[in-house]
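Geometric and topological summary
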Amino acid sequence: MKKKNSIRKIRNIGIIAHIDAGKTTVTERVLYYTGRSHKIGEVHDGEAVMDWMTDEQERGITITSAVTTCQWKDSQIQIIDTPGHVDFTIEVERSLRVLDGAVGVFCAVGGVEPQSETVWHQADKYSVPKMAFINKMDRIGADFFGTVGMMKERLNASPLIIQLPVGAEDSFSGVIDLIAMKQIVWNTEDMGATFETTDIPADLIAEAGEYREKLIETVAETDDDLMERYLSEEPIDDDALIDAVRKATIGLKLVPVMCGSALRNKGIQPLLDAVIRYLPSPADIPPIRGINPITGETVECPHRENSPLAALIFKVSMIEGRKLSFVRVYSGRLRSGADVFNTSLGKKEKLSRILRMHANKRERIDEAEPGSIIGVVGLKDSVTGDTLCSADHPVMLEKMEFYEPVISMAIEPKTHSDQDKMEQVLEKFMAEDPTLKVREDEDTGQTILSGMGELHLEIIISRMQREFNTGVNVGKPQVVYRETIAETARATAVFDREIGGQHLFGEVALTLSPLGRGTGNSFRSEVTDEMIPPAFIPAIEASVMESLESGAIIGYPVVDVEAVLTGGSCKETQSTELAYRISASMACKEALAGGSPFLLDPIMKVEIFVPEAFVGDVIGDISSRGGKIEAIEAQRGVQVIRATAPLAKMFGYSTSLRSATQGRGTFTMHFSHFDRS
Ligand SMILES: Nc1nc2c(ncn2[C@@H]2O[C@H](COP(=O)(O)OP(=O)(O)OP(=O)(O)O)[C@@H](O)[C@H]2O)c(=O)[nH]1
């Protein structure tokens, strides 16, 4: 039996980093030193424990949000893998929601690079307390203070140096702990598993003293008690200092900075100690709030075992044909074998197993306490974003997001044997990813994949090929449009025919009128019972709604149209549901064609982060793409340009932004709404 952890001993953290800063290597070392992973899988050997998807290894990006639990001293650290690419911002944001703190890993040579700027800003948006680890101190050109400077400049962070590097590049041997005022030097023979704590060498005493003074001064500025003691020159003990650093970190006032070299096995153990010391436990952060779906009231879900259950599914994976849902428990306990209520689905689901995910094994546990992040087997219909709770205390933790797949791509199996595999693999992907849609094109019979962006679909295709050995031919990515009408149009259709020896009759008169953008479609009946018997109205409504799925121009779904059933007739013995369905569909198609139909573009909400000097060029480029600038504001040292732009004009934008900003600009892009471009 696993030792039970008190909630104060849990740390849920994410590691945020620019591609190549060493996130995987740091994570690997953490798993190694915490004793759960027995072999260090170097990234370049393709054996890293976290990066188990082939695609990630080849592309060098991390796209899963799996969680890995490890034990450090008497605490439990749960590492949530945060993906870093813009096309996956929904995944990034979802993982930022379930973690309580983050460690930013920076390369001591490259410093703060654009991609980490974006994720850092997102973490700021979610008020996530952070620490920084300046990695690769062994590399030529490693510059600890330069990187700290960039944290101020580019992230507008308030770094708090709590360690100094000893030596640099080849001679980097360890760190000076400015709180304990000791030197830590790593042994090289045992992969850095052991280290020695010594007095600070004479030649570094002055520098260490100076930085300790700065440390106390900076922390004192955030803490009145400490400031008083500092000003009256009272001695400040380590515990008081640690306590004040912890408060300032959790209060988002300071970012403790440490350093090391993950590859050379230096700096990881103090980093783990600092995660426990300075980053919050679930009990240190304000309780999450949800909505009671029945009353609409706000419900607080404190991290307490005796509160009603509230848990969030933040990722679903199909592993070996089984659905594994990753869940964060906020309130109450999740018990294996128990029924839970899925608020989003409005029904009960059975939990068959709860698994604690370690790097190299899954451990079955009977129950999960508040603050736990675990894998759950048995939830059949639940998807990412759903809330689990108890039926007598319903709560919805996350607003249902409305995903609009905006890019589609036709795919077909390469060979006959790929056909069946393709269907199975797509089914698996859809179970994992609520943003992926698959349908068959009625005219061509091709399978059409739709998703959130170009890269999203590209990754799906390459996973099909590499992980599942399923060959597919793919078409060009296409924008998914919507259709609507510009003016009111009326149509009457009569179905009057003999089918299978029976005479069928139905007459329907329909008026379609344009509605405001974003209203959706609606249906209303104005007919009397004599014109059309009420029993047939639901069938007519269903048929009209179905017909609106396919517009008159290209066949994209029709939106923002009001359909009014204005007339019709019946014949007592001949009118049937089928006849009304057919006539309603005919009338709808005719009215759509007569209402001056036009296409609506997916309009994207674009957020671009750039240094001041490039703002003019970026605005010019966005405007030439038909984009509209909504706001420009300074945020933590960079300019944030918020704009909307039609997706069709945003293909290849990342390349163009990179070249316009010497690689400094980054952006995120989300679907906003459909409109005329
Ligand atoms: N010299 C040196 N190289 C390092 C260090 N840490 C990581 N590396 C190397 O840097 C490269 C990138 O490291 P990763 O751990 O894959 O970086 P990452 O941030 O996970 O990168 P992605 O998976 O591409 O996002 C690898 O070749 C590592 O071996 C370090 O401390 N010193």
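Everything discussed here concerns the structure shown above.
The structure contained in this document is the topic of the report that follows. Fair warning: this is a prediction, and the values are worked out from it, not measured in the lab.

1. Considerations on unusual backbone geometry
Positioned with a positive phi, Ser596 is a non-glycine residue whose angle comes to about 50 degrees. Residue placement: Ser596 occurs in the loop between α13 (577-594) and β34 (597-610). The exposure class of Ser596 is partly exposed, given its relative accessible area of 32%. Positive phi is not limited to glycine here, since Gln662 has a value of about 50 degrees. Its location among the elements puts Gln662 in the loop between α15 (653-660) and β37 (666-675).

2. Looking at the nonpolar core
With 99 residues, the main nonpolar core has Val26, Ile77, Val103, Met131, Phe144 and Met151 as its most contacted residues. A per-element tally of this core places helix α9 (residues 268-278) first, with 7 residues. With near-sequence residues (within four places) excluded, Met151 lies in contact with Phe106, Val112, Trp120, Ala132, Asn156, Ala157, Pro159, Val255 and Val257.

3. Things to note about the sheet that holds strand β1 (residues 10-17)
Strand order in this open sheet of 7 strands is β2-β3-β1-β4-β5-β11-β6, and the pairing throughout is mixed. The open sheet is flanked by β2 (67-72) and β6 (159-161), the only strands paired with a single partner. Neighbour-to-neighbour, the strand axes of the sheet open up by a mean angle of 30 degrees, direction not taken into account. When β1 meets strand β4 (residues 101-107), the two strands line up parallel, connected through 5 bridges. Across the sheet, the residue bridging to Ala17 is Val105, located in β4. Contacts from α9 reach β1, β2, β3 (75-80), β4, β5 (130-135) and β11 (255-259), with the element oriented near 170 degrees to β5.

4. Let's talk about the packing of aromatic side chains
Going through the model one piece at a time under the given rule, you end up with 11 aromatic pairs. Relative to Tyr33, the ring of Tyr32 has its centre 5.4 Å away and its plane inclined at 65 degrees; by these criteria the two rings are edge-to-face. With a centroid separation of 6.3 Å and an interplanar angle of 50 degrees, the aromatic rings of Phe314 and Phe326 are classed as tilted. Highlighted residues: Phe314 in strand β14 (residues 310-319) and Phe326 in strand β15 (residues 322-331), separated in sequence by 12 residues. On the accessibility criterion, Phe326 (2% relative accessible area) is buried.

The rules behind each value
Residues numbered from 1 in each chain as written. Predicted model: local features only at pLDDT ≥ 70, side-chain atom pairs only at ≥ 80, totals over all residues. Heavy atoms only, no water. Helix = DSSP H or I, 4+ residues; strand = E, 2+ residues; numbered from the N terminus. Buried < 20%, exposed > 50% of the residue type's maximum accessible area, 1.4 Å probe, protein only. Core = buried A, V, L, I, M, F, W, Y, C linked by side-chain atoms within 4.5 Å. Contact = heavy atoms within 4.5 Å. Pairing = 2+ DSSP bridges. Axes fitted to C-alpha atoms, helices over the stretch in contact; angles between N-to-C directions. Phe/Tyr/Trp six-rings, centres within 6.5 Å; stacked < 30°, edge-to-face > 60°.

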